[in-house]
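# Overview (structure and organization)
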Amino acid sequence: MRSIARSLGLGSAAMTLTALSALAWPGAADAAPTGTESLYAPSAIVLSITAGENPAQDRVLRAVTLVCAPAPGGTHPSPAAACADLRAHATRLDASAEPGPGVDCTREWNPMTVTADGVWQGRRLSYSYTFANPCGLRHASGALFRF
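Throughout what follows, the structure given in this document is the object of discussion. What you are looking at is a predicted structure, and each value in this text was computed from that prediction instead of being measured.

### What to know about the state of the cysteines
This structure, assessed with the given rule, holds two disulfides. Here Cys 68 is linked by a disulfide to Cys 83, with a sulfur-sulfur distance of 2.1 Å. Between Cys 68 and Cys 83 the disulfide shows an S-S torsion of about -95°. By sign, it is left-handed. Of this pair, Cys 68 sits in the loop between strand 2 (59-67) and helix 2 (79-89) while Cys 83 sits in helix 2, and the two are 15 residues apart along the sequence. Here Cys 68 matches Cys 83 in class, with each residue buried. Disulfide connectivity for the chain, with bonded cysteines indexed by sequence position, reads 1-2, 3-4.

As structure tokens, then:
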């Protein structure tokens, strides 16, 4: 009986030592959430180009991510320019989607829809714009939808 009690005592001590050494191991403390808040409001957006007028039902041709805080990033080919464009036109994204000056496109109806869904400076963003055809999309004045 005494050997069983001693074995249990040694087993408990070994488990305690293992748990304490796991906590003291470098990097183990990093795994626990710190609970601190970021200095930046979240800004992460998914941008997509859809063939058709209804982005919920039509085929998505391309999609990228855009993160603007704390630094520009994501899979957008020009994240810094896209974030600057978003900052300049956040209240009216149509200005970024409108064709640049002097652009003439055919009147062919082959709709292409761009969407922006996510969070911009801590607020929900959901935007959609339909171009009459791919020419309009290619000549959008802003960098946000050039991907």
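### Focus: the packing of aromatic side chains
Counted according to the given criterion, the structure contains two aromatic pairs. With centroids separated by 6.1 Å and ring planes inclined at 25°, the aromatic side chains of Tyr 127 and Phe 145 adopt a geometry described as stacked. Of this pair, Tyr 127 sits in strand 4 (residues 123-131) while Phe 145 sits in the segment after helix 4 (134-138), and the two are 18 residues apart along the sequence. Pair check on accessibility: Tyr 127 and Phe 145 agree, each one buried. Measuring from ring centre to ring centre gives 4.8 Å for Tyr 129 and Phe 131, while their planes differ by 65°; the resulting arrangement is edge-to-face. Residue Phe 131 is classed as buried on the basis of its relative accessible area, which comes to 4%.

### Focus: the pairing of strand 3 (residues 112-120)
Burial analysis of strand 3 places seven of its nine residues in the buried class, the great majority of the element. In this structure, strand 1 (residues 44-51) lies alongside strand 3, joined through eight bridges in antiparallel fashion. Within the sheet, the bridge partner assigned to Ile 49 lies in strand 3 and is Val 114. With antiparallel pairing between neighbouring strands as the criterion, strand 3 and strand 4 make up a hairpin whose turn holds two residues, including Gln 121 at a positive phi of roughly 50°.

### Describing the sheet that holds strand 1
Reading across the sheet, the four strands line up as 2-1-3-4 and stay open at both edges, with antiparallel pairing between neighbours. Across the chains shown, the open sheet's two edge strands, defined by having one partner strand only, are strand 2 and strand 4. If you compare each strand with its neighbour and ignore which way they point, the axes differ by 15° on average. Of the strands in this sheet, strand 1, strand 2 and strand 3 touch helix 2, which is tilted by about 85° from strand 2.

### Details of the layout of surface pockets
Considered as a void within the structure, the largest pocket measures approximately 170 Å³ in volume. Pro 99, Val 103, Asp 104, Cys 105, Thr 106, Arg 107, Tyr 129, Phe 131, Ala 132, Asn 133 and Gly 136 are the residues that line the largest pocket. The residue makeup of the lining of the largest pocket, split by class, is six nonpolar, three polar and two charged.

### Observations concerning the side chain of His 76
Relative to the assigned elements, His 76 resides in the loop between strand 2 and helix 2. Note on His 76: relative accessible area 4%, which makes it buried. One polar contact links the side chain of His 76 to the main-chain carbonyl oxygen of Ala 143, over a distance of 3.4 Å. Engagement of the side chain of His 76 in a polar contact is seen with the backbone oxygen of Leu 144, the distance being 3.0 Å. When near neighbours in sequence (up to four residues on either side) are disregarded, His 76 contacts Leu 47, Val 64, Thr 65, Leu 66, Ala 82, Ala 143, Leu 144, Arg 146 and Phe 147.

Scoring rules and cut-offs
- Residues numbered from 1 in each chain as written.
- Predicted model: local features only at pLDDT ≥ 70, side-chain atom pairs only at ≥ 80, totals over all residues.
- Heavy atoms only, no water.
- Disulfide = S-S within 2.5 Å.
- Helix = DSSP H or I, 4+ residues; strand = E, 2+ residues; numbered from the N terminus.
- Buried < 20%, exposed > 50% of the residue type's maximum accessible area, 1.4 Å probe, protein only.
- Phe/Tyr/Trp six-rings, centres within 6.5 Å; stacked < 30°, edge-to-face > 60°.
- Pairing = 2+ DSSP bridges.
- Axes fitted to C-alpha atoms, helices over the stretch in contact; angles between N-to-C directions.
- Contact = heavy atoms within 4.5 Å.
- 1 Å grid on protein atoms, 1.4 Å probe; cavity = no way out; pocket = protein on both sides within 12 Å on 5 of 7 lines; lining within 4 Å.
- Points joined across faces, edges and corners; volume = space filled by probe spheres on them.
- Nonpolar A, V, L, I, M, F, W, Y, C, P; charged D, E, K, R; others polar.
- Polar contact = N/O pair within 3.5 Å; in protein donor to acceptor, adjacent residues only side chain to side chain.

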